Amino acid sequence: MAEASAPRAPGAADEKAMPAIQAVERAANILGAFSPHRPRLTLNEITAVLGTSKATAHRYTKALRAVDLLRYDPRESVYSLGPQVLTLAAAARAGLPLVKVAEPFMDRLVREAQETVVLSVWDGECPIVVASNDSTDSVARVTVRLGARLSPTASAQGRVFCAYLQPDEVPILGRELHASPELAEELDVIRSTGVSVKSPVVNGLRTIAAPVFQAGRAVAALAVIAPSAAVEQDDKNQIQALIRTADNLSSVLGRS
């Protein structure tokens, strides 16, 4: 006859789960310690965040590096967020209500412009692509990766944010304006026209972008990306379609 197993003590499963829960909490605390104003941390700083021994903090950093959530610079002995964080951030932003609201507007703009349309938001340092629609009838399509980080001053989307965000929200803007008076003039033009059309051509592609507003704040940049010759051939129509679509989306979001 088989022996009856001893009854499990109440709460035993919970006690076994506690170390795993604590590990998740500690990993989250480490990742949460980074910010745009504090992008790099030493092991001593991470240890202080955790309130543990340095050996314990090192084990956590090693585990987070193994899954690309942290990276380590041996030259300066500092940690920063790893590339996997960008993928997770893109997935999180893709679930934002803004993206869902923007989808039909992007669909309509793709049909009008017959070029790729992307939506970007500001992540504290630069624009990041949160939605992309390349469903055109063109033989050659431009595909933009979700989570792609764009130049804050050279991209059309970045210039839109530079024109409408507060100066302290764009950390490098003061330095860039000092180095390039032309950029300051371009930002004034964007504010007066509501569209960025003079960003540099990169890899044969040209981008035009317009701001999307909610509650009086620029929350996104809507852009058309196409081979430079294609945009230049039908500049006026594409620019008008972009401005109109961004304006309509802003109205739905509640621009003021």
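Think of each chain on its own: its residues are numbered from 1, step by step along the sequence as written. Local features in this predicted model are restricted to residues whose pLDDT is 70 or higher, and side-chain atom pairs enter the listing and the counts only when it is 80 or higher, whereas totals over whole chains, interfaces and linings include all residues. Excluding hydrogens and water, the side-chain figures rest on all heavy atoms present in the structure.

A closer look at the overall build of the chain
Moving on, step 1. A tally of helices and strands in the chain yields 10 helices and six strands.
Moving on, step 2. Out of the 256 residues in the chain, the part that is buried amounts to 41%.
Moving on, step 3. Taking the contacts inside the chain whose residues are at least 6 apart along the sequence as the reference set, 55% of them involve residues at least 24 apart.
Moving on, step 4. The Shrake-Rupley method, run with a 1.4 Å probe sphere, supplies the accessible areas, and residue values consider only the shown protein chains as cover. Carbon and sulfur atoms form 54% of the exposed surface of the chain, whose accessible area is close to 14200 Å². Under the DSSP-based scheme used, a helix requires at least four consecutive residues in state H or I and a strand at least two consecutive residues in state E, with every element numbered from the N terminus. Only protein chains enter the calculation, and the probe is 1.4 Å; a residue is then buried if its accessible area is under 20% of its type maximum, exposed if over 50%, and partly exposed in between. Any pair of residues with heavy atoms lying within 4.5 Å of one another is described as a contacting pair.

A short note on the layout of surface pockets
Moving on, step 1. Using protein atoms alone on a 1 Å grid, points that fit a 1.4 Å probe yet trap it form a cavity, whereas open point sets bounded by protein on both sides within 12 Å along at least five of seven lines form a pocket; residues with an atom within 4 Å of a point count as lining. Grid points are joined across faces, edges and corners, and a volume is the space filled by probe spheres set on the points. In this structure, the largest pocket occupies an estimated 550 Å³ of space.
Moving on, step 2. Every residue lining the largest pocket is counted, 20 residues in all, and those nearest its centre are L81, V85, L86, E125 and R149.
Moving on, step 3. The classification used treats Ala, Val, Leu, Ile, Met, Phe, Trp, Tyr, Cys and Pro as nonpolar, Asp, Glu, Lys and Arg as charged, and all other residues, Gly among them, as polar. Split by residue class, the lining of the largest pocket holds 12 nonpolar, three polar and five charged.
Moving on, step 4. Residue-level mapping places the lining of the largest pocket at the junction of two domains, with at least three residues from each of domain 1 (19-85) and domain 2 (95-254). For the purposes of this description, domain bounds are those given by an automatic or database domain assignment.

Overview of the pattern of salt bridges
Moving on, step 1. What counts as a salt bridge is simple: a side-chain nitrogen of Lys or Arg found within 4 Å of a carboxyl oxygen of Asp or Glu. One pass over the full model with this rule turns up nine salt bridges.
Moving on, step 2. Across the salt bridge formed by R217 and E169, the nearest N and O atoms sit 2.6 Å from each other. One end of the pair, R217, is in strand 6 (residues 217-227); the other, E169, is in the loop between helix 6 (156-164) and helix 7 (173-179), and 48 residues separate them in sequence.
Moving on, step 3. Through salt bridges with shared partners, a single ionic network connects D123, E125 and R149.

Side note on the packing of helix 2 (residues 43-50) against helix 3 (residues 54-66)
Moving on, step 1. Inter-axis angles, ranging from 0 to 180 degrees, are taken between N-to-C directions of lines fitted to C-alpha atoms, where helices are fitted over the stretch in contact. Closest axis-to-axis distance for the helix 2/helix 3 pair is 9 Å, and the angle between their directions is 105°. Compared by their axis directions, helix 2 and helix 3 come out roughly perpendicular. Where helix 2 abuts helix 3, its residues L43, N44, I46, T47 and L50 lie against K54, A57, H58, Y60 and T61.
Moving on, step 2. Residues that form the contact of helix 2 with helix 3 fall into these classes: five nonpolar, four polar and one charged. Relative orientations are named as follows: roughly parallel for angles under 35 degrees, roughly antiparallel for angles over 145 degrees, roughly perpendicular for angles from 65 to 115 degrees, and oblique for any other angle.

Overview of the environment of M106
Moving on, step 1. Positionally, M106 belongs in helix 5 (residues 97-113).
Moving on, step 2. A C-alpha to C-alpha distance of 8.4 Å links M106 and L222, two positions 116 residues apart in sequence.
Moving on, step 3. For M106, the contacting residues outside a window of four places in its chain are V117, V118, L119, A131, S132, N133 and L222.

Digging into helix 2
Moving on, step 1. Among the residues of helix 2, those classed as buried are L43, I46, T47 and L50. Down the axis of helix 2, the smallest arc covering the buried residues is 105°, so these residues share one side.
Moving on, step 2. Directly beyond the C-terminal end of helix 2, a positive phi value near 70° is found at G51. Arc definition: directions from the helix axis to the C-beta atoms.

Describing the environment of R38
Moving on, step 1. Note that R38 resides in the loop between helix 1 (12-32) and helix 2.
Moving on, step 2. Taking the relative accessible area as the measure of exposure, R38 reaches 36% and is therefore partly exposed.
Moving on, step 3. Spatially, the C-alpha atoms of R38 and S80 are 9.2 Å apart, while their sequence positions differ by 42 residues.
Moving on, step 4. Ignoring sequence-local partners within four residues, the contact set of R38 consists of A33 and E45.

Topic: the pairing of strand 4 (residues 127-133)
Moving on, step 1. Of all seven residues in strand 4, six are buried; the element is thus mostly enclosed.
Moving on, step 2. Here a strand pair is declared whenever DSSP counts at least two bridges between the two strands. Summarising the sheet, strand 3 (residues 116-122) and strand 4 pair through six bridges and their orientation is antiparallel. From the neighbouring strand, S120 faces strand 4, where its bridge partner is V129.

Some words on helix 3
Moving on, step 1. What a helix is expected to span follows from its residue count: subtract one and scale by 1.5 Å. Counted at 1.5 Å a residue, the expected span for helix 3 with its 13 residues is 18 Å, and the 18 Å between its end C-alpha atoms agrees.
Moving on, step 2. Taken together, the buried positions of helix 3 are occupied by T56, A57, Y60, T61 and L64. Take helix 3 and look down its axis: the buried residues cluster within an arc of 135°, on one side only. In helix 3, the exposed positions angled more than 90 degrees off the buried face are occupied by R59, K62 and A66.
Moving on, step 3. Phi turns positive one or two residues past the end of helix 3, at D68, with a value near 65°.

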